[in-house]
Number of protein chains: 2
Amino acid sequence: MTHDPTAQGGWHLTRRRWLAGLAALSIAGCASVGGGSDPLPSWHDGANKQAILKFVADVTREGAPTFVPPAERVAVFDNDGTLWVEQPMYTQVMFVLDWVKANAAQHPEWRDNPVFKALTGNDPQALHALSERELTGFVFTAQSGLSDEAYDAAARDWLARARHPKFNRPYTELVYQPQLELLAYLRRNGFKTFIVSGGSVEFMRPWSERIYGIPPEQVIGTQNAMRFEMAGGVHTLLREPKIDFIDDGPLKPVGIYKHIGRRPILAFGNSDGDWQMLQYTMAGPGARLALIVHHDDAEREVAYDRLSKVGRLDKAWDDALAKGWNVVSMRRDWKQIFPPPKN
Amino acid sequence: MTHDPTAQGGWHLTRRRWLAGLAALSIAGCASVGGGSDPLPSWHDGANKQAILKFVADVTREGAPTFVPPAERVAVFDNDGTLWVEQPMYTQVMFVLDWVKANAAQHPEWRDNPVFKALTGNDPQALHALSERELTGFVFTAQSGLSDEAYDAAARDWLARARHPKFNRPYTELVYQPQLELLAYLRRNGFKTFIVSGGSVEFMRPWSERIYGIPPEQVIGTQNAMRFEMAGGVHTLLREPKIDFIDDGPLKPVGIYKHIGRRPILAFGNSDGDWQMLQYTMAGPGARLALIVHHDDAEREVAYDRLSKVGRLDKAWDDALAKGWNVVSMRRDWKQIFPPPKN
């Protein structure tokens, strides 16, 4: 239950440390969404599935005191650890590491940079000694000046090629089948589904529509500063070496307010970074639902919670238990974790 | 053509000056949208109407080289001066002035503040002597600590009561009937319509859906900094005395990228503050359309352009003429300016 897989992976970076600096890509494959008479076929019958079905019935029953007009049926989902795998390390971090290595040849000035050496060397000691400031400073500087389109292309290219070290599948196939069913079920019932992630928007938008059915304009996340300018006779957007907004913890409700302008009625997270988003969602009037994925399935996925450096679930878990929020056990609630392989 | 109505109004505040500090409200009434066989009945036949009809036909014709998939049919509209009246002063500024006056009694500490005295007195000299820093500093401090919901309520209340000084109608009835028809026509053809305004989001979102058919999550604008916290036992969002993002000029393409993540294929503005949004839209590949409202109708609305302090149209006009963008004459292209009065 309190196993920390990152300790073996040689990674001791906090979530916030990595939220600040990374970014963009796309994917291969689209997961199938279950149908038939059971809208959530990959969910075991149990209290959590029943709570979801009851909630959707309640808010869609016209004339009921629990009815919510379609325009106000806003559902927000964290991404890393809630919709797809986040262990042994956030996918975006893997992308950035590979990007730095792949671009090293064109940047001889990096060669003697201690951060670069720590990132690309095989010395865990040097890596752990890096401060957040050093790390994000290097990544921001390295990627600044990239255009929106160049970043998008790099991310798409990487996602098409990269494989997860444990599951040996493209990352975009390591999305949770029960959640794909839930997203589709909510949309069929008039909900608008949003991602509210600590990851950066440029890394999610190239594939969120194809994989989750969530269009780019419904992806809220960490934002890099950008500037608009003429470059080579073409008007374009270029990355600045600066972060604009870190969409994590108490800033998740702020990100929701900025972007959506309505309080959600359903929120689904998996870590303490989602705690305030869950609180904000539940603090409104009328019918509401808060859900948390508990990663307790070491066999089919990874087991981690209170002591994990990546996706720690501690305070939000205590609060969920105290308030009766729905804690979804990956092991007991989900019949299947991932969609079947594409080929 | 180059008449400056603000010179008579006693207002010498620049747009940017006012963009920074203001905010929130709602409305009365919903304007009718024309239908029938002509999708744009309030538009005179002419080159601009034909350009719109041709563009929509081009991007929706499957198999044509100009076809654009529905998901990529993003249309962005400025608000002040493009969708509703902005003279003699931005509506949001009128709201903030009234808000300051209405709240003065509960704030005896304002009484001797020179900014407050200038804002509420009848001394144009004192008003003009204010610096932008003094002005926005006062407004930010005065409104900081207001919750999202309190702000929303204040804006709704004001909009229900306020009347435009020239037209003596609620501001939300002073929207442009031809634009309501265009928004609806675009949506019927698979477009997603967005507002991209220098005004602040909290002032537009309470009424954008009812009046324009544009939901809050498709309103992009200037953003005040917010913080999430417990207040009186309730989780809420409170205004900070600080602006987060000014959605004007070269930051409009940045706002579009942050919020939508796709380059629009149609942009409609009316002032130099929309110039870069128009450039960014037109710099992409494939079929694209740029439009500018020219306020040349002193009789039915207000005539202003190159010399106006509010909604100045100068550089963007020159660029439009050079590039053949569509400059829409309010006088010659629009049969009707406003929807009929509600009662």
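Here, every reference points to the structure presented above.
Conventions and cut-offs
- Residues numbered from 1 in each chain as written.
- Chains lettered and ligands numbered in written order.
- Predicted model: local features only at pLDDT ≥ 70, side-chain atom pairs only at ≥ 80, totals over all residues.
- Heavy atoms only, no water.
- Helix = DSSP H or I, 4+ residues; strand = E, 2+ residues; numbered from the N terminus.
- Buried < 20%, exposed > 50% of the residue type's maximum accessible area, 1.4 Å probe, protein only.
- Contact = heavy atoms within 4.5 Å.
- Areas by Shrake-Rupley, 256 points an atom, 1.4 Å probe, with all protein chains shown as cover.
- Least-squares fit on C-alpha atoms with pLDDT ≥ 70 in both.
- Pairing = 2+ DSSP bridges.
- Axes fitted to C-alpha atoms, helices over the stretch in contact; angles between N-to-C directions.
- Buried area = accessible area lost by both parts, 1.4 Å probe.
- Salt bridge = Lys/Arg side-chain N within 4 Å of Asp/Glu carboxyl O.
- Polar contact = N/O pair within 3.5 Å; in protein donor to acceptor, adjacent residues only side chain to side chain.
- Nonpolar A, V, L, I, M, F, W, Y, C, P; charged D, E, K, R; others polar.
- Left-handed = near helix turned anticlockwise from the far one by under 90°.
- Phe/Tyr/Trp six-rings, centres within 6.5 Å; stacked < 30°, edge-to-face > 60°.
- Expected span 1.5 Å × (residues − 1).
- Core = buried A, V, L, I, M, F, W, Y, C linked by side-chain atoms within 4.5 Å.

Colleague: Run through the overall build of chain A, naming residues and quoting values.
Modeller: Counting its secondary structure elements, chain A contains 14 helices and seven strands. Relative to its full complement of 343 residues, chain A shows a buried share of 61%. Counting only contacts in chain A whose residues sit at least 6 apart along the sequence, the fraction spanning at least 24 positions is 72%. Surface summary for chain A: the accessible area is close to 12,800 Å², and the carbon and sulfur share equals 53%.

Colleague: Please set out the relation of the copies chain A and chain B residue by residue, giving values where relevant.
Modeller: Each copy of the sequence occupies a distinct position, and chain A is placed on chain B by a rotation of 180 degrees and an axial shift of 0.0 Å, giving an RMSD of 0.0 Å. Taken together, the rotation and translation describe the operation of a two-fold axis. In terms of proximity to the rotation axis, the leading residue of chain A is His259 of chain A, whose C-alpha is 3.5 Å off the axis. Most of the interface of chain A is mirrored in chain B: 100% of its interface residues are interface residues there too.

Colleague: Any chance you could break down the sheet that holds strand S5 (residues 266–269) of chain B for me, citing the residues and the numbers?
Modeller: Residue and element names in this part refer to chain B. The strand order across the open sheet formed by seven strands is S4-S3-S2-S1-S5-S6-S7, and the pairing between neighbours is mixed. Each end of this open sheet is capped by a strand with a single partner; those strands are strand S4 (234–245) and strand S7 (326–329). Each strand of the sheet is rotated relative to its neighbour by a mean of 30 degrees, with strand direction disregarded. Of the strands in this sheet, S5, strand S6 (289–294) and S7 touch helix H3 (residues 47–60), which is tilted by about 130 degrees from S7.

Colleague: So what's going on with the pairing of strand S4 (residues 234–245) of chain A? Residues and values would help.
Modeller: Residue and element names in this part refer to chain A. Taken together, the eight bridges between strand S3 (residues 219–231) and S4 define a ladder with antiparallel strand orientation. Counted as the bridge partner of Ala231 is Val234 from S4. Between S3 and S4, which pair antiparallel one after the other, the connecting turn spans two residues, and Gly232 there sits at a positive phi close to 60 degrees.

Colleague: Residues and numbers for the interface of chain A and chain B, please.
Modeller: Contact residues are listed per partner, giving 34 residues for chain A and 34 residues for chain B. Here chain A packs against chain B, burying approximately 3,200 Å² in sum over the two surfaces, 52% of which is carbon and sulfur. One can count 10 salt bridges joining chain A with chain B. Linking Asp244 of chain A and Lys258 of chain B is a salt bridge whose minimum nitrogen-to-oxygen distance equals 2.5 Å. Run the count over chain A and chain B and you get 25 residue pairs in polar contact (both at pLDDT 80 or more). Of all the secondary-structure elements, those providing two or more residues to the side of chain A that touches chain B are helix H8 (148–161), strand S2 (192–200), helix H10 (201–212), S3, S4, helix H11 (251–259) and helix H12 (275–282) of chain A. Here the residues of the side of chain A that touches chain B sort into 14 nonpolar, eight polar and 12 charged.

Colleague: Give a description of the packing of helix H8 (residues 148–161) of chain B against helix H10 (residues 201–212) of chain B that names residues and reports values.
Modeller: All names here are of chain B. Where H8 meets H10, the axes come as close as 9 Å, and the angle between the chain directions of the two elements is 65 degrees. Considering how the two elements wind past one another, H8 and H10 form a crossing that is right-handed. Judged by residue contacts, Tyr151, Asp152, Ala155, Arg156, Trp158 and Leu159 of H8 engage Glu202, Phe203, Pro206 and Trp207 from H10. Broken down by class, the residue content of the contact of H8 with H10 amounts to seven nonpolar, no polar and three charged.

Colleague: Which residues make up the packing of aromatic side chains, and what are the values?
Modeller: Residues and elements named next belong to chain A. Under the criterion given, the structure shown has 37 aromatic pairs over all chains. Summarising the aromatic geometry, the rings of Phe95 and Tyr151 are spaced 6.0 Å apart at their centres and angled 75 degrees between planes, so their arrangement reads as edge-to-face. Separated by 56 residues along the polypeptide, Phe95 in helix H4 (residues 91–102) and Tyr151 in helix H8 bring together distant segments of the chain. Looking at Tyr151, the relative accessible area reads 1%, which means it is buried. Aromatic side chains Trp207 and Tyr212 sit 5.2 Å apart centroid to centroid with 55 degrees between the ring planes, which places their arrangement in the tilted category. Given the relative accessible area of 3%, Tyr212 is considered buried. Ring pairing ties together the aromatic residues Trp84, Phe95, Tyr151, Trp158, Tyr171, Phe203, Trp207 and Tyr212, which thus form one cluster.

Colleague: Describe in detail helix H3 (residues 47–60) of chain A, supporting the description with residues and values.
Modeller: Residues and elements named next belong to chain A. Given a rise of 1.5 Å per residue, 14 residues ought to cover 20 Å, and the 20 Å separating the end C-alpha atoms of H3 matches this to within 8%. Among the residues of H3, Asn48, Lys49, Ile52, Phe55, Val56, Asp58 and Val59 are the ones counted as buried. Looking at the packing, one finds that the buried side of H3 touches helix H9 (177–188), strand S5 (266–269), strand S6 (289–294), strand S7 (326–329) and helix H14 (330–333).

Colleague: So what's going on with unusual backbone geometry? Which residues, and what values?
Modeller: Residue and element names in this part refer to chain A. Following Gln87, the chain continues into Pro88 via a peptide bond in cis, with omega recorded as 5 degrees. Mapped onto the elements of the fold, Pro88 is located in the loop between strand S1 (74–77) and H4. Here the phi dihedral of Asn168 falls at roughly 50 degrees; this positive angle occurs in a residue that is not glycine. Counting through the fold element by element, Asn168 comes out in the loop between H8 and H9.

Colleague: Can you tell me about the nonpolar core, naming the residues and giving the values?
Modeller: Residues and elements named next belong to chain A. One finds Phe55, Phe77, Phe138, Leu182 and Tyr212 to be the most contacted residues of the largest nonpolar core, which totals 71 residues. Ranked by the residues each element gives to this core, the list is headed by H4, at seven residues. Every residue in contact with Phe55, bar those within four places of it in the chain, is listed here: Phe191, Ile265, Leu266, Ala287, Arg288 and Leu289.

Colleague: Please set out the environment of Glu109 of chain A residue by residue, giving values where relevant.
Modeller: Residue and element names in this part refer to chain A. Assignment of secondary structure puts Glu109 in the loop between H4 and helix H5 (114–120). Taking C-alpha positions, Glu109 is 38 Å from Ile211, a pair spaced 102 residues apart along the chain. A polar side-chain atom of Glu109 sits 2.8 Å from a polar atom in the side chain of His107.

Colleague: Any chance you could break down the sheet that holds S6 of chain A for me, citing the residues and the numbers?
Modeller: All names here are of chain A. The mixed open sheet is built from seven strands, whose spatial order is S4-S3-S2-S1-S5-S6-S7. Lying at the two open borders of the sheet, with one neighbouring strand each, are S4 and S7. For this sheet, the mean inter-axis angle between neighbouring strands, taken without regard to orientation, is 30 degrees.

Colleague: Describe the side chain of Glu217 of chain B, naming the residues involved and giving the relevant values.
Modeller: Along the chain, Glu217 of chain B falls in the loop between H10 and strand S3 (219–231). Here Glu217 of chain B falls in the buried class, since its relative accessible area comes to 6%. Sequence-distant contacts of Glu217 of chain B, defined by excluding residues within four places in its chain, comprise Lys192, Phe194, His259, Ile260 and Arg262 of chain A together with His259 of chain B.

Colleague: Describe in detail H9 of chain A, supporting the description with residues and values.
Modeller: Residue and element names in this part refer to chain A. Here H9 contains 12 residues, and its C-alpha end-to-end distance of 17 Å stays within 8% of the 16 Å for a straight helix at 1.5 Å per residue. Where H9 is buried, its residues contact H3, S1, S2, H10, S5 and S6. Among the residues trailing H9, Gly190 stands out with phi positive, at a value near 85 degrees.

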